[in-house]
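Results of the structural survey
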Amino acid sequence: HFPTVPSGRLLRLLDLQPSDIEYWKNGFMQLCEQRDRSGRAVIIVFAHLLVKVPGDAFIRTWLYLTSVLSRDESIQKSGYVAIYIIRTTDKAAAGGTNSNNTRDNTVPLKDVLDFHSKHQ
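Calculation rules
Residues numbered from 1 in each chain as written. Predicted model: local features only at pLDDT ≥ 70, side-chain atom pairs only at ≥ 80, totals over all residues. Heavy atoms only, no water. Helix = DSSP H or I, 4+ residues; strand = E, 2+ residues; numbered from the N terminus. Buried < 20%, exposed > 50% of the residue type's maximum accessible area, 1.4 Å probe, protein only. Contact = heavy atoms within 4.5 Å. Areas by Shrake-Rupley, 256 points an atom, 1.4 Å probe, with all protein chains shown as cover. pLDDT = per-residue confidence, 0-100. Polar contact = N/O pair within 3.5 Å; in protein donor to acceptor, adjacent residues only side chain to side chain. Phe/Tyr/Trp six-rings, centres within 6.5 Å; stacked < 30°, edge-to-face > 60°.

What follows deals with the overall build of the protein. What the protein contains, in helices and strands, is five helices and four strands. In the protein, the order of α-helices and β-strands from amino to carboxyl end is α-β-β-α-α-α-β-β-α. Within the protein, buried positions represent 38% of all 120 residues. Relative to all contacts within the protein whose residues are 6 or more apart in sequence, the contacts with residues 24 or more apart total 64%. Surface exposure of the protein reaches about 7400 Å², of which carbon and sulfur atoms provide 53%.

The structure is reproduced here in structure tokens:
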């Protein structure tokens, strides 16, 4: 659970536990640099990395991320979408290769912690 946050105060990166940030740095959840066609922010969750993350750490980072996104007026209007990428070993589904890094087969992503450091 989160440490006690004073009523009315927004969540801050410092409210996360150090272990949450370490899991997050491993890339299980990232924010795309670009929006989708409808102008929504795009969060990518890599399911094969998520299995290594304790549930409470995922919930804390998810709540923090969505809290930060909710502070952006354009996201308040257009919303966000979450895409869960499930890793496959099927060569056809992996673009003809058997890549060990699913992120190699996706659009360029921005490290979500960089985004947050700008919006604290």
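Turning our attention to the confidence of the model for the protein. Per-residue confidence for the protein gives a mean pLDDT of 76, with 68% of residues at or over 70. This model gives residues 102-117 a pLDDT under 50, and the stretch forms 43 contacts once residues within four places in sequence are excluded.

Our next topic: the side chain of T61. Within the secondary structure layout, T61 lies in helix α3 (residues 55-69). Here the side chain of T61 touches F58 through a polar contact of 3.0 Å, landing on its backbone oxygen. Here T61 is in contact with L16, D20, W24, F28 and M29, once residues within four sequence places are set aside.

In this section: the packing of aromatic side chains. Enumeration according to the criterion identifies four aromatic pairs in this entry. Both rings, one in W62 and one in Y80, keep their centres 6.2 Å apart while their planes meet at 65°; by these two values the pair is edge-to-face. Of this pair, W62 sits in helix α3 while Y80 sits in strand β3 (residues 80-85); the two residues are 18 residues apart in sequence, bridging distant segments of the chain. Relative accessible area serves as the criterion here: at 18%, W62 is assigned to the buried category. For Y80, a relative accessible area of 35% puts it in the partly exposed group.

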